[in-house]
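Each chain is listed here by its residues.
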Amino acid sequence: KFSNALNIQDELDSIDGYNEASAIQRYHLHMAMKDNKAALYEVERYLKIDPENYKFLATRLDLYISSKLHYTKQIEAYEALLRLDSRNPMLQNNLAWLLCIHNIDLPRAEQLSRSSILTEPRNPIYLDTYAWIAHKMGDCETAKFYIDLARRNMTQETKKEITSHYKQILRKCKK
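Note on numbering: residues in each chain are counted from 1, in written sequence order. Since the coordinates come from a predicted model, pLDDT governs what is reported: local features require at least 70, and pairs of side-chain atoms require 80 or more to be given and counted, while whole-chain, interface and lining totals use all residues. Each side-chain value is worked out from all heavy atoms of the structure, with water and hydrogens disregarded.

Asker: If you had to explain the nonpolar core to someone new, which residues and values would you point to?
Answerer: Core analysis: the biggest nonpolar cluster contains 43 residues, and Leu95, Ile147 and Ile169 have the highest contact counts within it. The element contributing the most residues to this core is helix H8 (residues 124–136), with 7 residues. Here a residue-residue contact requires only that any non-hydrogen atoms of the pair lie within 4.5 Å. If near-sequence neighbours (up to four positions away) are discounted, Leu95 is found in contact with Ile75, Tyr78, Glu79, Leu82, Arg108 and Leu112. Only buried residues count toward a nonpolar core, which is a set of Ala, Val, Leu, Ile, Met, Phe, Trp, Tyr and Cys residues joined through side-chain atoms within 4.5 Å. Each residue is assigned to one of three classes by its accessible area relative to the maximum for its type, calculated with a 1.4 Å probe on protein chains only: buried under 20%, partly exposed between the two thresholds, exposed over 50%. Helix and strand definitions follow DSSP, with helices as H or I runs of at least four residues and strands as E runs of at least two, each counted in order from the N terminus.

Take a look at the structure:
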């Protein structure tokens, strides 16, 4: 019956016009039909009308990530959100990580990561990201310092990745 609901939404839009509520309804219907591509189309369609709508920008990012779209699209989506929420440590850290793992603008990644740590200095994920960026930049001393901090603050959920990074950093920094 989701197709019928979309047809009804078409009729409503012909009367009331296409708006945020319509876009949300269409997004939810497409997601219920497990059609991520059509859901993303609706999100991007609405963002052409309201390009600074935080909820739609965040939804677009989630869809880009869940659909495993090319990392450049994900970077673009993070950048759009950060323009509206420049002090969000999770956005800063996630963009820093994405830049780091793709070797794009490591100085910017370092700056974003440092900012997230200043906001949440005991967050093991943020500390790990900073350590990994330092590692990628060849700064062994900083990498070891921050990966040690990450290890001291790690949780059961973060233990596996942080331990893996710790071993890799120690291996590289022995040279």
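Asker: Outline the packing of helix H2 (residues 20–32) against helix H3 (residues 36–49), listing residues and values.
Answerer: Axis geometry follows a simple rule: fit a line to the C-alpha atoms, using only the stretch in contact for helices, then measure angles between N-to-C directions, giving values from 0 to 180 degrees. Following both chains from N to C, one finds H2 and H3 inclined at 165°, their axes separated by 7 Å at the closest point. Judged on the interaxial angle alone, H3 and H2 are roughly antiparallel. The chirality of how H2 crosses H3 is left-handed. Counting all contacts with H2, which are made through Glu20, Ala23, Arg26, Tyr27, His30 and Met31, the residues of H3 involved are Asn36, Ala38, Ala39, Glu42, Val43, Arg45 and Tyr46. Think of it as three bins: nonpolar holds Ala, Val, Leu, Ile, Met, Phe, Trp, Tyr, Cys and Pro, charged holds Asp, Glu, Lys and Arg, and polar takes everything else, Gly as well. Classifying every residue of the contact of H2 with H3 gives 7 nonpolar, 2 polar and 4 charged. Angular relationships are summarised with four words: roughly parallel below 35 degrees, roughly antiparallel beyond 145, roughly perpendicular across 65 to 115, and oblique for the angles in between. We call a crossing left-handed when the near helix sits turned anticlockwise from the far one by less than a right angle, and right-handed when that turn is clockwise.

Asker: Now, about the packing of aromatic side chains: what can you tell me, with residues and values included?
Answerer: Only Phe, Tyr and Trp rings take part, Trp by its six-membered ring, and two of them pair if their centres are within 6.5 Å. Stacked means planes under 30 degrees apart, edge-to-face means over 60, and tilted covers everything else. Enumeration according to the criterion identifies 4 aromatic pairs in this entry. Consider the rings of Tyr46 and Phe56, whose centres lie 4.6 Å apart with planes at 40°: the pair is tilted. Residue Tyr46 is found in helix H3, and its partner Phe56 is found in helix H4 (residues 54–66); the two are separated by 10 residues along the sequence. A single burial state applies to Tyr46 and to Phe56, both of which are buried.

Asker: Before we move on, could you go through helix H7 (residues 106–119) and cite the residues and values that matter?
Answerer: Look at H7: 20 Å from first C-alpha to last across 14 residues, which is about the 20 Å you get at 1.5 Å a residue. Restricting attention to buried positions, one finds in H7 the residues Leu106, Ala109, Glu110, Leu112, Ser113, Ser116 and Ile117. Here the buried residues of H7 occupy an arc of 165° about the axis, which is enough to place them on one side. Set apart from the buried face of H7 by more than 90 degrees, the exposed residues are Pro107 and Leu118. Contacts made by the buried residues of H7 are with helix H5 (71–84), helix H6 (89–101), H8 and helix H9 (140–153). Expected span, for any helix, means 1.5 Å times one less than how many residues it has. Here, the arc refers to the directions that run from the helix axis to the C-beta atoms.

Asker: How would you sum up the pattern of salt bridges? Please name residues and give values.
Answerer: When a carboxyl oxygen of Asp or Glu lies within 4 Å of a side-chain nitrogen of Lys or Arg, that pair is called a salt bridge. All chains considered together, the criterion is met by 5 salt bridges. Put simply, Asp10 and Arg26 hold a salt bridge, and the shortest N to O gap is 2.6 Å. Pair noted here: Asp10 is in helix H1 (residues 2–16) and Arg26 is in helix H2, with a separation of 16 residues, a long-range link. Residue Asp10 is classed as partly exposed on the basis of its relative accessible area, which comes to 39%. Assessed through its relative accessible area of 6%, Arg26 is described here as buried. Between Arg108 and Glu79 there is a salt bridge, with its nearest N and O atoms 2.5 Å apart. In this pair, Arg108 is assigned in helix H7 and Glu79 in helix H5, connecting sequence segments 29 residues apart. Residue class for Arg108 comes out partly exposed when judged on its relative accessible area of 24%. What emerges from the salt-bridge pattern is a single network uniting Asp10, Asp13 and Arg26.

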